[in-house]
Amino acid sequence: ARILVLHGPNLNLLGVREPSVYGHETLSDINVSLQARAQAAGHELSWFQSNAEHELIARIHQARDEGVAWILINPAAFTHTSIAIRDALAGVSIPFIEIHLSNPHAREAFRHHSYLSDLATGVICGFGGDSYRLALEATLLRLAVPAA
Ligand code: DQA
């Protein structure tokens, strides 16, 4: 199956950006490890990072045309602001997992609300780069078992 990993704004700076909060791993380290794991399990994983809301929305729309089965998304700051990304995910009806490197609930109050969580199949946060790897494991388990 096809799996799409989406990374929102400022995640291109991973490894450099506030390493005490987000860790030392770079975005490409994470993408490479996810791609290897998905391929080993017989799936195809692609990824996309953008700092622009409209580009993430366009990529979500494109995912429907490509027959993407699962989306893993770290919407970054758009988590807390973007009704448009919420509507795009609802519009394509592709199941998705919301991911955060940090635990937003342990941070500033403005990070406690997500526009996406209630639509997500699940949310994984607080494990650094491992949040992505845990989300991929959950996806692989779902792909292995036909939906009830
Ligand atoms: C983040 C958490 C968000 O609150 C923040 O705006 C980010 C990254 C995370 O992965 O921990 O940019 O999504």
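Criteria and thresholds
Residues numbered from 1 in each chain as written. Predicted model: local features only at pLDDT ≥ 70, side-chain atom pairs only at ≥ 80, totals over all residues. UniProt positions renumbered as here; feature names shortened; annotations may be inferred. Helix = DSSP H or I, 4+ residues; strand = E, 2+ residues; numbered from the N terminus. Contact = placed C-beta atoms within 7 Å. Pairing = 2+ DSSP bridges. Axes fitted to C-alpha atoms, helices over the stretch in contact; angles between N-to-C directions. Parallel < 35°, antiparallel > 145°, perpendicular 65-115°, else oblique. Left-handed = near helix turned anticlockwise from the far one by under 90°. Nonpolar A, V, L, I, M, F, W, Y, C, P; charged D, E, K, R; others polar. Expected span 1.5 Å × (residues − 1).

A. Representation of the UniProt feature "binding site: substrate" (unreviewed entry) in the chain within the structure. The residues that UniProt annotates with the feature "binding site: substrate" (unreviewed entry) are Asn74, His80, Asp87, Leu101, Ser102 and Arg111. In sequence the annotated residues extend across 38 residues, and in space they extend as well, their farthest C-alpha pair lying 24.2 Å apart. By the secondary structure assignment, Ser102 is in the loop between strand S4 (96–100) and strand S5 (122–125). Other than its neighbours up to four places away in sequence, Ser102 contacts Val21, Tyr22, Arg107, Cys125 and Gly126. For Arg111, the location among the structural elements is in the loop between S4 and S5. What Arg111 contacts, discounting residues up to four positions off in sequence, is His80 and Pro104.

B. Inspection of the sheet that holds strand S3 (residues 70–74) at higher detail. Strand order in this open sheet of five strands is S2-S1-S3-S4-S5, and the pairing throughout is parallel. Only two strands of the sheet have a single neighbouring strand rather than two, namely strand S2 (44–49) and S5. With strand direction ignored, the average angle separating the axes of adjacent strands in the sheet is 20 degrees. As judged from the five bridges shared by strand S1 (residues 2–7) and S3, these two strands associate in the parallel manner. Bridge pairing in S3 links His7 to Asn74.

C. Just the UniProt feature "active site" (unreviewed entry) in the chain, in detail. Here, UniProt's "active site" (unreviewed entry) annotation points to Tyr22 and His100. These residues run over 79 residues, yet every pair of their C-alpha atoms falls within 9.3 Å of each other. Position of Tyr22 relative to the elements: it lies in helix H1 (residues 19–22). Within the fold, His100 resides in strand S4. Apart from the residues within four sequence positions on either side, His100 is in contact with Asn74, Cys125 and Ser131.

D. Main features of the packing of helix H2 (residues 27–40) against helix H5 (residues 129–144). For the pair H2 and H5, the least separation of the axes is 10 Å and the interaxial angle reads 20 degrees. When the interaxial angle is binned, H2 and H5 end up roughly parallel. Crossing of H2 over H5 shows right-handed handedness. Every residue of H5 that contacts H2 at Ile30, Ser33, Leu34, Arg37 and Ala38 is listed here: Gly129, Tyr132, Arg133 and Leu136. Grouping the constituent residues of the contact of H2 with H5 by class yields five nonpolar, two polar and two charged.

E. Highlighting helix H3 (residues 53–66). Helix length check: H3 (14 residues) gives 20 Å between terminal C-alpha atoms against 20 Å at 1.5 Å per residue, within 8%. On the buried face of H3, the contacting elements are S1, S2, S3 and helix H4 (83–92).

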